[in-house]
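# Descriptive analysis of the structure
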Amino acid sequence: MLTYVKARAPINIALIKYWGKKDIKEVLPYQPSLSLSLDIFETETIIQKADHDDFVFTINNIKDVNMKQKVETFIKLFDVNINLNGIEIHTKNTGPTAAGLASSASGFAALAVAVNRFFNFNYDLDTLSSLTRKGSGSAIRSLLPSAVAWLPDGHIEQVDFEFDDVCLGVVIINDQKKSIGSTEAMKLSVETSPLYSEWVKQSFIDFEAFKEALKHKDFKILGNITEKNALLMHEVCHQTVPKIQYLSPSSYDVITLIQSLRTTLGIDCYVTMDAGPNVKVLTKVHHQSIIKKHLKQEGYNILWSGIDTKGAVILDEVH
Ligand code: PMV
């Protein structure tokens, strides 16, 4: 019987995006997606026996009632009869929470791994991943390190990623306004965006072309597919009724700057954006300083991340 478990999981950023559930209950996507697990931010989650009878949940040392309810609902998916009285769960994100930086992905992946171990389910990856995606779809990809594909049938698989010089930068755009959450937004896109079927078709094409480019280690093709895929996802959002606008004027500033570094200076750098205004930059390590310099001149800061090599794992346990 375990009394303490500590797990961690990385954030992941999709280069081929998931945007739309084919099966809402099972959380199955319309399209294959492919992400990189990153070592810049992670979630660490502790589950332990308490010396009281309450169920206590904290996130970044703060009790959050809404999140506690979500966590309880998620854990009951493992077994409805689980009793959480006398249990404490403490979770910490090393990056900003709910700022479009995949903290819910690392959060649910770390929680899933911790619950699996603490309550002695010991489910295999298939079962664990089918539970994890019900916390947050993209969390499924945070279970594995490096490059991870999530297929429309629900499976995840590790994809060979043979670059040791690829990095991803996060430009944190400060003019964040509260926008619509991804679950509700993608449902609206599926229902109303005239581009939706084209988006699904293109996602399959992008996914195959991306894997082919990985095989040939062709970074320019990877980058171009990444950028086009993200821009199409945002176009799908713009055509959704009512319009979904995640990108802010500053996001567009940064996108234009990165594109012009590529076209005018020949730097291999490409953008990707998710359900928020932050812009991520896919590039090679030796371009970091010049990209940083140009962004700084325009008043933007970039945080660089390497590729996570650990995935979602147990860090510590006590009997
Ligand atoms: O899993 P969710 O509901 O957070 O959706 C994430 C969707 C995107 O981040 C925009 C794309 C992706 O594949 O991660």
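Bear in mind the structure is a predicted one, so any value in this text is a computation, not a measurement. (Residues numbered from 1 in each chain as written. Predicted model: local features only at pLDDT ≥ 70, side-chain atom pairs only at ≥ 80, totals over all residues. Heavy atoms only, no water.)

## Concerning the nonpolar core
- Counting 54 residues, the largest nonpolar core has Trp19, Ile75, Phe78, Ile89, Val115, Phe119 and Trp199 as the members making the most contacts within it.
- Considering every element that reaches this core, the biggest residue donor is helix 2 (residues 103-118), with 10 residues.
- Counting residues domain by domain, this core receives three or more from each of domain 1 (4-160 + 310-318) and domain 2 (166-305).
- Apart from residues lying up to four places away in sequence, Trp199 is in contact with Lys17, Trp19, Gln31, Asn229, Leu232, Met233 and Val236.
- Judged by nonpolar contacts, the second largest core, of 26 residues, contains Phe163, Leu168, Phe207 and Ile307. (Core = buried A, V, L, I, M, F, W, Y, C linked by side-chain atoms within 4.5 Å. Buried < 20%, exposed > 50% of the residue type's maximum accessible area, 1.4 Å probe, protein only. Helix = DSSP H or I, 4+ residues; strand = E, 2+ residues; numbered from the N terminus. Domains from an automatic or database assignment. Contact = heavy atoms within 4.5 Å.)

## With respect to unusual backbone geometry
- Of note, the bond from Val241 into Pro242 is cis; its omega dihedral lies within 30 degrees of zero at -5 degrees.
- With respect to the element layout, Pro242 can be found in the loop between helix 6 (219-238) and helix 7 (249-265).
- Although it is not a glycine, Val27 sits at a positive phi angle of roughly 55 degrees.
- Its identity is not glycine, yet Lys217 carries a phi of approximately 50 degrees, on the positive side.
- Considering the arrangement of structural elements, one finds Lys217 in the loop between helix 5 (196-215) and helix 6.

## Here we look at the pairing of strand 1 (residues 4-16)
- In terms of burial, strand 1 is largely enclosed, as 12 of its 13 residues are buried.
- As paired strands, strand 1 and strand 4 (residues 33-49) are joined by 12 bridges and run antiparallel to one another. From the neighbouring strand, Asn12 faces strand 4, where its bridge partner is Ser37.
- Judged from the 5 bridges that link them, strand 1 and strand 14 (residues 313-318) form a sheet pairing that is antiparallel. (Pairing = 2+ DSSP bridges.)

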